[in-house]
Amino acid sequence: MAVSLYVVLVLATTALGASIALSLIPLRVPTSDTPIKSSRIIRTLKRVSSETQVVEKSSCGRVWVTVHSPEKRYLGQTLIDVLELNWDFRECSTIPRQIGLFANRPLSWNNAIAIFAIGSPDGHIITNVSLGEGTLPAGWDTGAGPRGPICLWPWVGAGDNNIEAFNCLKIQPTWMEDNADKINKLRIGELALAGSHNAGAWRFDTELSSLARDNFILCQDRSIWAQLVHGIRYLDFRIGYYDFYDKEEDRYWLNHNLVRVRPLVPLLREIRAFLDITNELVFLDAHHFPIGFYNPDGTPIREVHQGLLRIIQRELGPHIAPANRFATGAGSRGPTVQSLIDANQRLHFSYVDNIIVNENNWLWPNLPHLWARTNNPTELFLYLDQAISASPQPTARSPMHSAMAQTTPSVLDILLLRGSLRINADGVNRRVTARLTSLWRPNANIVSTDFFLGNDVIDVSIAISVERAEQL
């Protein structure tokens, strides 16, 4: 989709990036892709929801559903949000012959929407079936539903004559509470968490645009509420300030660099609503202030920062875990999950400007962002492999660190409209899943991605958190 010359120039001068949409065209014609190779730890899986429905099962290996972030052309039509079926059976003595897409829990191949041959120990299939509206199930669209995990409609099954492994695309709105007996003894720096990069850049909500898909600005395709309900627990916010609005609260916006995307306050209220009805922890990171927060000489404009902090306190105050109460010192892993739950202060709010942090002792200091700043996937993974293995740093002020697992478009990419953030995300998201299950498994804390439904970081991070707790 074309963007205006103004936006192109803004993006090019600041080296930005992002994209999204919806449709339902159920077709049965299969397609295949080159399998993604990675080593990973395979464990026997049997995941059960709070209502005792088995949502994932496999005696060896694993299957899972993701959402293809770019558009797909098929028979002259443009499909969006098409489903991907993924598998990894490389540690198994036998490999299933086939994999299928189902509308309900797979019980028989006769109920499959589409069936595909498996030709390698691990890989994925990009189907021609769109997710559709992606409405959150079981009442979670508008408020609290039952505890999870809870399946959306797409299921995947794999096997020979019988279906031996299955899984669903699911929400995990209460995964921390569901696993509280294990993970509450972990410190927050010991958790494995799924994060969303540029979490507020999911749909334009400005005076001029409500656009839901673009090339180089939007990084997510679900609201803040939906991100949290799916299981995201770290939100990366980039906040801009615009003094031409009359009301103070209207001056603060979620940006992608210099481009306004959405007003801040409604998004804070989505976080508040989620914290009000769950016992989950949320990690909110004021990661970047691209406009309005600094003088030309780089010094902070304190009244702008203080205005933001007043809004944060007003909207989220009862849930904030103040650093001056819970911090455990440089180089440590932070407070336990249990201590935050016992205090009913379950929002960790980190702030990128350490001058402001030093003047407001309730703020958590800037957490290290492991960011490769490259548009090359090979360079990205070389950097993250090293950076994650070296984390946490023994002198870090923050107990947490976030791997920014996305590529960054170059100036030429933006000026020439070469590719898009959706295409970029598709080029790395499967490999992020593979890395998290293997090389990053020991040290990863937060893994932040674009278009998070294109990877399986939520489910894998939950499994790793439980695994770490069981090893204590």
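About the cut-offs
Residues numbered from 1 in each chain as written. Predicted model: local features only at pLDDT ≥ 70, side-chain atom pairs only at ≥ 80, totals over all residues. Heavy atoms only, no water. Disulfide = S-S within 2.5 Å. Helix = DSSP H or I, 4+ residues; strand = E, 2+ residues; numbered from the N terminus. Buried < 20%, exposed > 50% of the residue type's maximum accessible area, 1.4 Å probe, protein only. Pairing = 2+ DSSP bridges. Axes fitted to C-alpha atoms, helices over the stretch in contact; angles between N-to-C directions. Phe/Tyr/Trp six-rings, centres within 6.5 Å; stacked < 30°, edge-to-face > 60°. Lys NZ or Arg CZ within 6 Å of the ring centre and 35° of its normal.

Going by the annotation in an unreviewed UniProt entry, the name recorded for the protein is PI-PLC X domain-containing protein 1, with Bombyx mori given as the source organism.

**Regarding the state of the cysteines**
Counted by the stated rule, this structure contains 2 disulfides. Sulfur-sulfur distance for the disulfide between C60 and C92 comes to 2.1 Å. The S-S bond linking C60 to C92 shows a torsion near -105°; that makes this disulfide left-handed. Linking C60 in the loop between β2 (54–58) and β3 (62–67) with C92 in the loop between β6 (82–88) and β7 (98–102), this pair joins segments that are 32 residues apart in sequence. The class of C92 is buried, set by a relative accessible area of 15%. Covalent S-S linkage joins C151 and C168, the inter-sulfur distance amounting to 2.0 Å. Handedness here is read from the sign of the S-S torsion; for C151 and C168, about -70°, the answer is left-handed. Remark: C168 occurs in strand β11 (residues 163–171) and C151 occurs in strand β10 (residues 150–159); sequence separation between them is 17 residues.

**Structural notes on the sheet that holds β3**
Across the sheet, which stays open at both edges, the 3 strands sit in the order β3-β6-β9 with antiparallel pairing between neighbours. Each end of this open sheet is capped by a strand with a single partner; those strands are β3 and β9 (122–130). Across the sheet, the mean angle from the axis of one strand to that of its neighbour is 20°, orientation sign disregarded. Across 6 bridges, the pairing between β3 and β6 is antiparallel. Looking across to β6, one finds that W64 is bridged to N86.

**As for the packing of aromatic side chains**
Centre-to-centre distance and the angle between the planes together describe a pair of aromatic rings. Inspection of the entire model under this criterion finds 14 aromatic pairs. Seen in terms of ring centroids, F349 and W362 are 6.2 Å apart; in terms of plane orientation they differ by 25°. Their pairing is stacked. One end of the pair, F349, is in strand β17 (residues 347–351); the other, W362, is in the loop between α9 (354–359) and β18 (369–370), with 13 residues separating them in the sequence. Each member of the pair, F349 as well as W362, carries the same accessibility label: buried. Put simply, the rings of Y241, Y252, F289, F293, F349, Y351 and W362 pair up and form one aromatic cluster. In this structure, R260 packs its charged tip against the face of Y242, placed 5.4 Å from the ring centre. Sitting above the plane of the W253 ring, R260 keeps its charged end 4.4 Å from the centroid.

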